[in-house]
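Each chain is listed here by its residues.
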Amino acid sequence: MALGERGGWDKSESRYCGVETDFNDDMPHLLSFNLSSGGFDFVVASLMDPNYRPSLMEKDIGGGSHVLPFAGSDLVLSPSQWSSHVVGKISSWIDLDSEDEILRTDSETTLKQEISWASHLSLQACLLPSPKGASCANYARCVNQILQSLNNMQLWLRIPLVKNDDDTTDFIPSVSTVTYAQILSWRIFSIHVYSRVRGDSWELWNSFRLLCEHHSQLSVALDVLSSLPSANSLGRWLGEPVRAAIIHTDSFLTNARGYPCLSRRHQKLITGFLNHSIQVVISGKLNHGVPSVSLDSALDHTGTNVESSQRHSLRPYLDYIAYLYQRMDPLPEQERFELSYRDFLQSPLQGHNPLFHIISDEFCTIEFSNYYLSFQPLMDNLEAQTYETFEKDSVKYIQYQRAIGNALVDRVPDEEASSLTTVLMVVGAGRGPLVRASLQSLVRLEGWEKTVTIVSCDMRCWDAPEKADILVSELLGSFGDNELSPECLDGAQRFLKQDGISIPSSYTSFIQPVTASKLHNDVKSHKDVVHFETAYVVKVHSVARLAPCEPVFTFTHPNFSTKKSNQRYKKLRFEIPSDTGSAMVHGFAGYFDAMLYKDVHLGIEPSTATPNMFSCCASSSVCFVESYFDTGLQIPAWFAIFFPLRTPVCIRPGSPLEVHFWRCCGSTKVWYEWCVASPNPSPVHNSNGRSYWVGL
């Protein structure tokens, strides 16, 4: 049963909690006890007797070998039970990088047998034991071999959440400081956490996944211990393929009533995991003296009465996780609408993708017509439903209405309001929301409502009788200029007076390096260079933002310079916070910020985003410092843009990231090029616009 249902959430948004169990050859009883009595949703269970070793099996006289009886029957559970309620746990003793040849050979044989058996059982995932040391090449080689022929099953590599250096905010004990009782409860694995994993456990994961070529079916199961690294260090895991968080009972504190609870930092971590659809697994034994009254008769997290004879010893921990989940705020309507867009790649304006083409063959104007330069994407018209989605963005039109109203007040003195004619042109009217915003700004100003003339016409065929005082447009893309706003407005300037006002008056693009394993694998799945040299519009969610945004290209309107050029080049330098540790850069998230008029702005750049459009962080030191699980709220019309890297770049503390971006203009197209110069140079992506461009 899921962790519970909450107001404003549907069942598809429920989260699940499992339990790690010891080996038990009576699988039906194991499942029944933990699911029915315990209330857990699934078990992480060993599929093989831990005493099994291939080298100990007897060989027959003829030199052949018996069929190895390493597992029980697949008939003890139904296929749906195996698939829905069991995660296979690979034997923890295996060590494929051991110097002992017999152990190494036994480990490889056992690993392949167990995963093959799990695949036969149709399990959705298997939990791989953590590498026993810093060197894991043979282990990764064997896993990579398995992945090449694996079905849809996921492999979760168990990695302790450890970064034991000077930046840790909690004390991480060495083996010598751990009590004997703790060692017994933590079992063999937890001893390995402290005795063999030194420094940063992310490095261990990174080495393993690089050896496995970033395989999409290789994921992470994080062991959450009693001590947590810094917030910046934790933030890196947001962009990694984390599928499960294993919380040991020793990580829980005891509240005043004797029940298990978590520290505030652990609470924030777990709710962040739940928000990112990461499953929680409880591991260990009962370490808290739960009051006996709760054991005699108690309500579980689903509201069901549980008798003491059936009460699972780990139920208090499950109930606490359920309590954290049910206490989370329901998603706002906007976020619920955007759920299906999270981390989903969409090609931006480029002829073949109509979703983000703000284009129409219908034109409307106030004293002027809609203007849109004739370029290739004009052939693609948005569906009415897509227009309706964009038009639900009330914040954008409120900001435009404010900007237009302020510009009109500044443009026309009160004493001349009834006698002076002001021409306001709307460029890119679509179905008319900007026209309505302009009219509403006029209605709010007394005396203006009877002096407005509306002309409906195709601007490309219309000869304007006079020039405009105010030119209003909404041609902005996720990266500001990526939908040819500079080129469009440069052409429209012939209709604007020399002292006229352009709304927006300027806009700037921004980028920041991100870890985005899912996006990288989605691009890689196409198996070509073209997709790695294409920018994508994405509702970024499972990403780690590694550094504050930096400005890239700025355009100002109107621009009457005779030597103007829309080509741009920018060199950027990013510094990763020292306590983050090493991190993998899969690409760059791009945003924009537009100044509509004076102090009225519109944008999705995280630190200055328009309220209710994009709230990631208010701090200039990236959205980590104890807010590493904040979600990016964006309006549907403007998600971030993602520039991928063909080869991810690993950056280390104290090693800056140098990035180069170009906006190139040709006679028939506009395109971007980008590359990394340090710490490791990358190829220049999209050279000469060979893969991705916007046609003029």
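Residues numbered from 1 in each chain as written. Predicted model: local features only at pLDDT ≥ 70, side-chain atom pairs only at ≥ 80, totals over all residues. Heavy atoms only, no water.

A.B. asks: Sorry if this is basic, but what is going on with the sheet that holds strand E7 (residues 242-248) here?
C.D. replies: Reading around the circumference, E1-E2-E3-E4-E5-E6-E7-E10 is the order of the eight strands in this closed barrel, with parallel pairing throughout. On average, adjacent strands in this sheet sit at an angle of 30° to one another, irrespective of strand direction. Sheet topology note: the strand E2 (residues 42-46)/strand E3 (residues 86-89) ladder contains four bridges and is parallel. Paired with Ser-46 across the strands is Lys-89, a residue of E3. On top of the sheet, helix H8 (residues 264-275) reaches strand E6 (218-224), E7 and strand E10 (279-283); it is set at about 155° to E6, its chief contact. (Pairing = 2+ DSSP bridges. Helix = DSSP H or I, 4+ residues; strand = E, 2+ residues; numbered from the N terminus. Axes fitted to C-alpha atoms, helices over the stretch in contact; angles between N-to-C directions. Contact = heavy atoms within 4.5 Å.)

A.B. asks: For this particular structure, what's the right way to read the pattern of salt bridges?
C.D. replies: Once the charged atoms of two side chains with opposite charge are near each other, the side chains can pair. In total, this model carries 21 salt bridges according to the counting rule given. The residue Asp-410 makes a salt bridge to Lys-598 at a minimum N-O spacing of 2.7 Å. Separated by 188 residues along the polypeptide, Asp-410 in helix H13 (residues 394-411) and Lys-598 in the loop between strand E23 (583-597) and strand E24 (600-603) bring together distant segments of the chain. For Asp-410, a relative accessible area of 42% translates into the label partly exposed. Because the salt bridges share partners, they merge into one network encompassing Glu-20, Lys-89, Arg-158 and Asp-223. (Salt bridge = Lys/Arg side-chain N within 4 Å of Asp/Glu carboxyl O. Buried < 20%, exposed > 50% of the residue type's maximum accessible area, 1.4 Å probe, protein only.)

A.B. asks: Help me out: how do you make sense of the packing of helix H3 (residues 101-120) against helix H4 (residues 137-148) in this one?
C.D. replies: Working note: a packed helix pair is described by the angle between its axes plus the distance between those axes. Look at H3 against H4: their axes get within 11 Å of each other, and the N-to-C directions meet at 25°. Between H3 and H4, the crossing angle belongs to the class labelled roughly parallel. The chirality of how H3 crosses H4 is right-handed. Judged by residue contacts, Arg-104, Glu-108, Leu-111, Lys-112 and Ile-115 of H3 engage Asn-138, Tyr-139, Arg-141, Cys-142, Val-143, Gln-145 and Ile-146 from H4. Class assignment of the residues belonging to the contact of H3 with H4 gives a composition of six nonpolar, two polar and four charged. (Parallel < 35°, antiparallel > 145°, perpendicular 65-115°, else oblique. Left-handed = near helix turned anticlockwise from the far one by under 90°. Nonpolar A, V, L, I, M, F, W, Y, C, P; charged D, E, K, R; others polar.)

A.B. asks: Honestly, the nonpolar core in this entry has me stumped. Any pointers?
C.D. replies: Buried together is how nonpolar side chains tend to be arranged in soluble globular proteins. One finds Ile-503, Ile-511, Phe-588, Phe-643, Leu-657 and Phe-661 to be the most contacted residues of the largest nonpolar core, which totals 85 residues. Counting residues per element, this core draws most heavily on E23, at nine residues. Ignoring sequence-local partners within four residues, the contact set of Phe-643 consists of Phe-479, Ala-535, Gly-587, Phe-588, Phe-661, Tyr-672 and Trp-674. In terms of nonpolar packing, the next biggest core, distinct from the first, is built from 75 residues, Trp-82, Val-86, Ile-146 and Ile-159 among them. (Core = buried A, V, L, I, M, F, W, Y, C linked by side-chain atoms within 4.5 Å.)

A.B. asks: Can you walk me through the packing of aromatic side chains in this structure?
C.D. replies: Note on aromatic pairs: each is described by the distance of the centres and the angle between the planes. In the structure shown here, the tally under the stated rule is 18 aromatic pairs. Note on Phe-252 and Tyr-317: the rings are 4.9 Å apart at their centroids and 70° apart in plane angle, and the pair reads as edge-to-face. Placement of Phe-252 in the loop between E7 and strand E8 (253-254) and of Tyr-317 in helix H10 (residues 315-327) is noted, with a sequence separation of 65 residues between them. For the pair formed by Phe-252 and Tyr-317, the shared burial category is buried. Residues Phe-643 and Tyr-672 carry aromatic rings whose centres are separated by 5.8 Å and whose planes lie at 85° to one another, so their mutual orientation is edge-to-face. Of this pair, Phe-643 sits in strand E25 (residues 640-651) while Tyr-672 is found in strand E27 (residues 669-678), placing the two residues 29 residues apart along the sequence. (Phe/Tyr/Trp six-rings, centres within 6.5 Å; stacked < 30°, edge-to-face > 60°.)

A.B. asks: Can you help me understand H10 in this one?
C.D. replies: An α-helical segment advances 3.6 residues per turn. Residues three or four places apart therefore align on the same side. The terminal C-alpha atoms of H10 lie 18 Å apart, and with 13 residues this matches the ideal 18 Å at 1.5 Å per residue to within 8%. Here H10 lies mainly inside the structure; ten of its 13 residues are buried. Taken together, the buried positions of H10 are occupied by Arg-315, Pro-316, Tyr-317, Leu-318, Asp-319, Tyr-320, Ile-321, Ala-322, Leu-324 and Tyr-325. (Expected span 1.5 Å × (residues − 1).)

A.B. asks: So what exactly am I meant to see when it comes to the environment of Gly-239 here?
C.D. replies: Looking at where Gly-239 falls in the secondary structure, it is placed in the loop between helix H7 (231-235) and E7. By relative accessible area, which is 2% here, Gly-239 ends up buried. On a C-alpha basis, the gap between Gly-239 and His-541 in space is 8.5 Å, while along the polypeptide they are 302 residues apart. Ignoring anything within four residues of it in the chain, the contact list for Gly-239 reads Thr-515, Ala-516, Ser-517, Ser-542, Val-543 and Ala-544.

A.B. asks: Can you help me understand the pairing of E24 in this one?
C.D. replies: Along a regular strand, successive side chains alternate from one face of the sheet to the other. On E24, burial covers both faces: Val-600 and Leu-602 on one face and His-601 and Gly-603 on the other are all buried. Note that E23 and E24 share four bridges and pair antiparallel. Within the sheet, the bridge partner assigned to Tyr-597 lies in E24 and is Val-600. Counting the residues between successive antiparallel strands, the hairpin from E23 to E24 contains two residues, one of them, Lys-598, with a positive phi of roughly 50°.

A.B. asks: Sorry if this is basic, but what is going on with the sheet that holds strand E28 (residues 694-695) here?
C.D. replies: Sheet strands pair by backbone hydrogen bonding; their relative direction is either parallel or antiparallel. Strand order in the open sheet formed by four strands is E22-E26-E27-E28, with antiparallel pairing between adjacent strands. Strands at the two margins of the open sheet, each flanked by one partner only, are strand E22 (568-574) and E28. Direction of pairing for strand E26 (residues 657-665) relative to E27: antiparallel, over a ladder of eight bridges. Following the sheet pairing, Arg-663 is matched in E27 by Tyr-672.

A.B. asks: Would you explain the confidence of the model for the protein chain in this entry?
C.D. replies: Detailed conclusions should not be drawn from predicted coordinates in areas where pLDDT is low. Summarising the model, the protein chain shows a mean pLDDT of 80, and 76% of its residues fall at 70 or more. When the criterion is pLDDT under 50, residues 349-379 qualifies, and its contacts beyond four places in sequence or with other chains add up to 140 contacts. (pLDDT = per-residue confidence, 0-100.)

A.B. asks: What should I look at first to understand unusual backbone geometry in this one?
C.D. replies: Residues apart from glycine generally show negative phi values, whereas peptide bonds are mostly found in trans. The omega angle of the peptide bond from Ile-503 to Pro-504 is 10°, so this bond is cis rather than trans. Note that Pro-504 resides in the loop between strand E17 (496-503) and strand E18 (506-515). Of note, the bond from Ser-678 into Pro-679 is cis; its omega dihedral lies within 30 degrees of zero at 10°. Looking at the secondary structure, you find Pro-679 in the loop between E27 and E28. Despite not being glycine, Asp-343 has its phi angle at roughly 55°, a positive value. Along the chain, Asp-343 turns up in the loop between helix H11 (333-338) and strand E13 (365-366). Backbone geometry places Lys-527, a non-glycine residue, at a positive phi of 55°. Along the polypeptide, Lys-527 turns up in the loop between helix H16 (517-524) and strand E19 (536-538).

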